[in-house]
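A structural walkthrough
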Amino acid sequence: MSADAMSAPLPPPPVWRLAQRMSRIKTSAVREILKVAERPDILSFAGGLPAPELFPLEAIAEAHARVMAEEGRAALQYSTTEGFAPLREWICTHLARSGRVCGADQILITNGSQQGIDLVAKVLLDPGDLVIVENPSYLAALQTFGGYEAKFATVESDDDGMRIDDLERVLATHKPKMLYVVANFQNPKGTTLSLERRKALVRLAQQHRFLILEDDPYGELRFRGEHLPSLAAFDDQGVVVSLGTFSKTLAPGLRIGWVAGPRDFVRSLTIAKQSTDLHTATVAQRAVVKLLQNFDYYKHLDSLRPVYGERANAMLDALKVHMPEGMSWTHPDGGMFLWARLPPGISGDTLLPRAVEQKVAFVPGSPFFAMNPRSEFIRLNYSNRPPDLIAEGMRRLGAVISGAL
């Protein structure tokens, strides 16, 4: 380095200073991994991606064309924050199938269900408020709640979902403002909250006066067993707020989700959304309505379920063949993920770079823990690959894990 360079003045600090809350918002582990996993030579089981070949491409294209031909000027204009009324009405009818009875004024259309998580946190959480989450839990929800400076209490889970006995232990000494749960095919574990636990959870929320945020992006993707009612079906006191989305059933690029809840609460969410983005894209909302008028949505779901069931079975079969002794994994009845426990002494965080070298990717389990991260788990997505590539990917992954023993 030259003497002139050594004596040059340092550049001034930036004129902007980030808010303190930004120190609590961690980068998304999945988004960072996807930057690597997008390489065409890597078999990735990292992202929560639906199968693109199952998107109803022609029906979506036709719906958009009809919108532009029949109501293009209205579709390109500003609209109401609450969302397109015919879409909200359809969602009410749809939710009634799982036990939630509501009116269109109890629905807010959002930019995917992730915006719903953010808006609920925005209107509900003050710094220091307590949020109960399953252990492990959806990492983007943890990221959101942490950004609003919430504190966490965690509840253990098993194959029947969140353990009610452990929740009662937490409630004996804590007063939460909210509990977040993915009752159907939980992300990351793929497990489902049992019927009796659903009823017990709502009773506890009513008794202890906290809100349940029920996130249900995967519930329509059940390929084994009987459909279970939503938590809202057991709620007669307005303690359950529900999130839904078309991202996993139609296409994530539409960015159409919704929040369903008590009218006054949805009104507060609407005010918060006004200051966020004014309203969800009107063209996409109207196109979804056109699609639902001329496209059999429930027949479409019937076509998705066996494909995802076949892929889940392919992964379960390949895990049995290729994984070493000492591993275990969940057996989902729907959704997109399963959760695997590595043999003793192996960390998912240190295993990932070795896996990428062998052209296979997954998500390490540690980011899914709100407190005391555990590194002996990994999340695997089966929905985005056909059975032959799933088998090859698990062969590669099994070799990497065996090599780390």
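What comes next concerns the included structure. (Residues numbered from 1 in each chain as written. Predicted model: local features only at pLDDT ≥ 70, side-chain atom pairs only at ≥ 80, totals over all residues. Heavy atoms only, no water.)

Time to look at the sheet that holds strand 8 (residues 240-245). Working definition: the strands of a sheet are paired by backbone hydrogen bonds and lie parallel or antiparallel to each other. Judged by pairing direction, the sheet is mixed, and its eight strands sit side by side in the order 2-9-8-7-6-3-4-5 without closing on themselves. A strand with exactly one partner marks an edge of an open sheet, and here the two such strands are strand 2 (107-110) and strand 5 (161-162). Of the pairings in the sheet, the one linking strand 8 to strand 9 (residues 257-260) comprises four bridges and is antiparallel in character. Pairing of glycine 244 across the sheet is with tryptophan 258, part of strand 9. Strands in contact with helix 5 (residues 112-124) are strand 2, strand 6 (178-181), strand 7 (211-215), strand 8 and strand 9; relative to strand 8, the strand with the most contacts, it is inclined by about 155°. (Pairing = 2+ DSSP bridges. Helix = DSSP H or I, 4+ residues; strand = E, 2+ residues; numbered from the N terminus. Contact = heavy atoms within 4.5 Å. Axes fitted to C-alpha atoms, helices over the stretch in contact; angles between N-to-C directions.)

Another aspect to go through is the pairing of strand 9. Where burial is concerned, the two faces of strand 9 agree: the one with Gly257 and Val259 and the one with Trp258 and Ala260 are both buried. Here four bridges tie strand 2 to strand 9, and the two strands are oriented antiparallel to one another. Paired with isoleucine 107 across the strands is alanine 260, a residue of strand 9. (Buried < 20%, exposed > 50% of the residue type's maximum accessible area, 1.4 Å probe, protein only.)

Another point: unusual backbone geometry. For the bond from asparagine 135 to proline 136, the omega torsion is 10°, close enough to zero to count as cis. With an omega of 25°, the peptide bond between asparagine 187 and proline 188 qualifies as cis. Inspection of the secondary structure assignment puts proline 188 in the loop between strand 6 and helix 8 (195-208). The phi dihedral of glutamate 149 is positive, around 65°, even though this residue is not glycine. On the secondary structure map, glutamate 149 appears in the loop between helix 6 (139-147) and strand 4 (151-158). Although it is not a glycine, arginine 255 adopts a positive phi angle of roughly 55°. Of note, arginine 255 is situated in the loop between strand 8 and strand 9. Note on arginine 255: relative accessible area 35%, which makes it partly exposed.

Moving on: helix 10 (residues 282-294). The terminal C-alpha atoms of helix 10, which comprises 13 residues, lie 19 Å apart, in line with the 18 Å expected from a rise of 1.5 Å per residue. Within helix 10, ten of the 13 residues are buried, leaving the element largely enclosed by the surrounding structure. Burial in helix 10 covers these residues: Thr282, Ala284, Gln285, Arg286, Ala287, Val288, Val289, Lys290, Leu291 and Leu292. Of the surrounding elements, those touching the buried residues of helix 10 are helix 3 (57-75), helix 4 (85-95), strand 2 and helix 11 (297-322). (Expected span 1.5 Å × (residues − 1).)

In this structure, serine 383 sits in the loop between strand 14 (377-381) and helix 13 (387-404). Take serine 383: its relative accessible area is 0%, and that puts it in the buried class.

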